Amino acid sequence: MNSTILLVDDLVLDYYGLTDEEKLLVTDSLTAIIPSMQPRKGTITALMEEATPKERTQYCRTLRAALREWLQPGADLGIRLIEGGAEAVLVELRLGATWPDVLVERGEGELRTALDRILRLLPQNTSRNVEVQPNLKVFIKDSLYLTKPLSRRYWLASAGLNDADEIAVDLLAAQKRHSAKGKHERNR
Amino acid sequence: MSAIGDPSLWRDQVVTAYDVVHAGVMAVWPSCRASIDTVRTVAQTKDATRRKKSARRRLEDPITRNLVRHLRLVPTLRGRFHIISQYELIAGDLTQDPDPVGYVDVGILFSVGLDEVCLFIECKRLNVNGASLAADYVSEGMMRFVTGKYGLDLPVAAMIGYVMDGQVPKASDSVIKQIRSQLAVLCCAESSISFVAPGQFSTSHTRKPLDIELRHQFLSALG
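Predicted model, so just to flag it, every value in this text is computed and none were measured. (Residues numbered from 1 in each chain as written. Chains lettered and ligands numbered in written order. Predicted model: local features only at pLDDT ≥ 70, side-chain atom pairs only at ≥ 80, totals over all residues. Heavy atoms only, no water.)

1. Some thoughts on the overall build of chain A
Stated formally: Numbering of helices and strands runs from the N terminus, with a helix taken as a DSSP run of H or I at least four residues long and a strand as a DSSP run of E at least two residues long. Relative accessibility under 20% of the residue-type maximum defines a buried residue, over 50% an exposed one, and the middle range a partly exposed one, all with a 1.4 Å probe and only protein chains included. By definition, residues are in contact when any of their heavy atoms lie within 4.5 Å.
Scanning chain A for helices and strands turns up 5 helices and 5 strands. Start at the N end of chain A and walk to the C end: the helices and strands fall as α-α-α-β-β-β-α-β-β-α. Counting all 188 residues of chain A, 46% fall into the buried class. Sequence separation of 24 or more characterises 55% of the internal contacts of chain A that already satisfy a separation of 6 or more.

2. Digging into empty space enclosed by the protein
Residue and element names in this part refer to chain B. Defined as follows: In this analysis, the protein atoms alone were mapped onto a 1 Å grid. Cavities are point sets where a 1.4 Å probe fits without being able to get out; pockets are open sets with protein on both sides within 12 Å along at least five of seven lines; lining residues have an atom within 4 Å of a point. Grid points are joined across faces, edges and corners, and a volume is the space filled by probe spheres set on the points. In the scheme used here, Gly and all other residues not listed as nonpolar or charged are polar, with Ala, Val, Leu, Ile, Met, Phe, Trp, Tyr, Cys and Pro taken as nonpolar and Asp, Glu, Lys and Arg as charged.
Following the criterion strictly, the structure yields 1 cavity of 30 Å³ or more and no others. Taken together, Tyr18, Val21, His22, Val25, Leu119, Ile121, Ala158, Met159, Ile160 and Gln217 make up the full set of residues lining the largest cavity. Mapped onto the lining of the largest cavity, the elements with two or more residues apiece are helix 2 (17-43), strand 4 (117-126) and strand 5 (156-163). In terms of residue count, helix 2 provides more of the lining of the largest cavity than any other element does, 4 residues in total. Looking at the lining of the largest cavity residue by residue, the class counts come to 8 nonpolar, 2 polar and no charged.

3. Here's the deal with the interface of chain A and chain B
Inclusion rule: Every case where a carboxyl oxygen of Asp or Glu lies within 4 Å of a side-chain nitrogen of Lys or Arg is listed as a salt bridge. N or O atoms closer than or at 3.5 Å make up a polar contact, with two conditions inside protein: a donor-capable atom paired with an acceptor-capable one, and, for residues adjacent in sequence, both atoms drawn from side chains.
Each side of the interface is counted separately: chain A has 47 residues, and chain B has 38 residues. At the surface where chain A touches chain B, the tally comes to 3 salt bridges. The salt bridge partner of Glu22(A) is Arg78(B), with a shortest N-O separation of 2.4 Å. Taken together, the links from chain A to chain B amount to 12 residue pairs in polar contact (both at pLDDT 80 or more). With 18 residues, the single largest contributor to the side of chain A that touches chain B is helix 5 (residues 157-187) of chain A. Looking at the side of chain A that touches chain B, its residues break down into 22 nonpolar, 12 polar and 13 charged.

4. Observations regarding the packing of aromatic side chains
We count it as follows: Ring pairs shown here join Phe, Tyr and Trp side chains whose ring centres sit within 6.5 Å, with only the six-membered ring taken for Trp; geometry is labelled stacked below 30 degrees between planes, edge-to-face above 60, and tilted in between. Whether a charge sits over a ring depends on NZ of Lys or CZ of Arg being within 6 Å of the ring centre and within 35 degrees of the ring normal.
The tally for this structure, following the rule as stated, stands at 11 aromatic pairs over all chains. Consider the rings of Phe145(B) and Tyr150(B), whose centres lie 5.7 Å apart with planes at 80°: the pair is edge-to-face. For the pair Phe145(B) and Tyr150(B), one class covers both residues: buried. The ring centre of Trp155(A) lies 6.0 Å from the NZ or CZ of Arg56(A), which sits over that ring.

5. A look at the sheet that holds strand 2 (residues 88-95) of chain A
Under the convention used in this document: By this definition, two strands are paired if DSSP reports at least two bridges between them. For helices, the fitted axis covers only the stretch in contact; all axes are lines through C-alpha atoms, and the angles between them, taken along N-to-C directions, range from 0 to 180 degrees.
One open sheet holds the 6 strands; their spatial order is 3(A)-1(A)-2(A)-5(A)-4(A)-1(B), and the pairing between them is mixed. Sheet topology places strand 3 (102-106) of chain A together with strand 1 (3-5) of chain B at the edges, where each strand pairs with a single neighbour. Mean inter-strand twist for the sheet, computed between neighbouring axes without regard to direction, equals 20°. Where strand 1 (residues 77-83) of chain A and strand 2 of chain A come together, 6 bridges link them in antiparallel fashion. Within the sheet, the bridge partner assigned to Arg80(A) lies in strand 2 of chain A and is Glu92(A). Along the sheet, helix 3 (residues 53-68) of chain A contacts strand 1, strand 2, strand 3 and strand 5 (143-149) of chain A; its crossing angle with strand 1 of chain A, the most-contacted strand, is approximately 155°.

6. Observations concerning the pairing of strand 6 (residues 194-197) of chain B
Pairing between strand 6 of chain B and strand 7 (residues 200-205) of chain B: 3 bridges, direction antiparallel. Counted as the bridge partner of Phe195(B) is Phe201(B) from strand 7 of chain B.

7. Notes on the pairing of strand 7 of chain B
Consecutive side chains along a regular strand alternate between the two faces of the sheet. Residues and elements named next belong to chain B. For strand 7, the buried fraction is high: 5 of the 6 residues fall into the buried class. The antiparallel pairing of strand 6 with strand 7 creates a hairpin that spans 2 residues between the two strands, and Gly199 there sits at a positive phi of about 75°. For strand 7 and strand 8 (residues 212-220), the ladder comprises 6 bridges, and the chain directions are antiparallel. Paired with Ser202 across the two strands is Arg215, which belongs to strand 8. A loop of 6 residues connects strand 7 with strand 8, the two strands running antiparallel in sequence.

8. Things to note about a nonpolar patch on the surface
The condition that has to hold: The residues that make up patches have over 30% relative accessible area and no salt bridge, and they are joined within 9 Å when like-charged or within 5 Å when they are Val, Leu, Ile, Met, Phe, Trp or Tyr. For every accessible area listed, the method is Shrake-Rupley and the probe measures 1.4 Å; residues are considered covered only by the protein chains on display.
Taken together, the side chains of Val26(A), Leu30(A), Ile33(A), Ile34(A) and Met37(A) make up a nonpolar region of the molecular surface, amounting to roughly 430 Å² of accessible area. Relative to the helices and strands, Ile34(A) resides in the loop between helix 2 (20-33) and helix 3.

9. Overview of the sheet that holds strand 7 of chain B
Residue and element names in this part refer to chain B. One open sheet accounts for 7 strands, arranged 2-3-4-5-8-7-6; its pairing is mixed. Edge positions in the open sheet fall to strand 2 (81-89) and strand 6, since each of these has one partner strand only. Strand after strand, the sheet turns through a mean of 25° between neighbouring axes, direction not considered. As defined by bridge partners, strand 5 adjoins strand 8 across 8 bridges and the pair is classed as parallel. The residue bridging Val156 from the neighbouring strand is Glu213, located in strand 8. In the packing of helix 7 (residues 168-181) onto the sheet, contacts are made with strand 4, strand 5, strand 6, strand 7 and strand 8, and the angle to strand 8 comes to roughly 150°.

10. Description of helix 4 (residues 108-121) of chain A
Residue and element names in this part refer to chain A. Put simply, the rule is: Multiplying 1.5 Å by the residue count of a helix minus one yields the expected span of that helix. To obtain the arc, one takes the directions from the helix axis to the C-beta atoms.
For helix 4, which comprises 14 residues, the first-to-last C-alpha distance of 20 Å matches the rise-based estimate of 20 Å (1.5 Å per residue) to within 8%. Of the residues making up helix 4, those classed as buried are Leu111, Ala114, Leu115, Ile118 and Leu119. All buried residues of helix 4 project into a common sector of 135° when viewed along the axis, lining one side. Looking at helix 4, the residues exposed on the side facing more than 90 degrees away from the buried face are Thr113 and Arg120.

Structure below.
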């Protein structure tokens, strides 16, 4: 019965001409977001639970695929998850990396080294608690690090799409500022 | 999500908003053109009301509105940009007149994170009933960007020419000739005219405080 419903769902989504990305948004809403709305006091909703390793890997696949669409054709993009038993996980996107699929690295040392690189860049008056700053983006040379808490809501496929779009918009805005700056300087 | 660090390597790898929108325009134009063709067929009927209505729909604004409707359905654009027809420009300075400074034909805004204009597109008809309208394209299109009336803080903007008789090379030649005859007014150097493909070129204009590059794309209204 369940598989029939899923099949019908797919047909309905196709009927409305939704892209694969838009289908993910609808599916996430139905399976994770709506069931977690208006919870009773003390209830731990599905979105508040810790995301499974499989969900985290799937998030990374979605993020990489969505971000690739914003890059020049032929640009390589690798993604790796750095997990180390802490309260947060790091996602590293690296330009030019040809890592197969999602690289998962587990080890406190690896996570600590990467976190140290990131924390060094944070302004002095900024909290070092990544839970306070979920989804912090840090550009270091050809790498882009995202700090992500473990709650499922940060690892939904729709979060991957949203993160990719936010990164792209940040880059487009940086591109616009850079182009404007260059033209300003030529005008001096 | 807040971003820190130096994104320069990434910034150079990302496609521009213009690239994404331009690809969208080229993809939907055949469908837009088909509806102009339908209108032309209707124009040949004896029904005066239908003829009048179809003539109106061959004007610049209805063609642009139709283009905007199509662009809003493009999968690569619809989730990422707000596409606004007749984008109203209002002076931010409270001491100034509240009346709009103008209306840009198409405003493209980021739909994620920022509520910021990333591209303006101004559209003009060309080669209408034997008139090239190249002078209008320059004076009532390009000049709005050159004077800073439109997109004062934008480094790049777009112009679209609807070539109503389908003769794109002829329309392109007329506009280029017009531009060359008004280089000083347009604050444009001859060397800054750059040809990309037939019916597609760009021009750069010096402006205070920020120079602007205009990317021109001419589209045939005939199938």
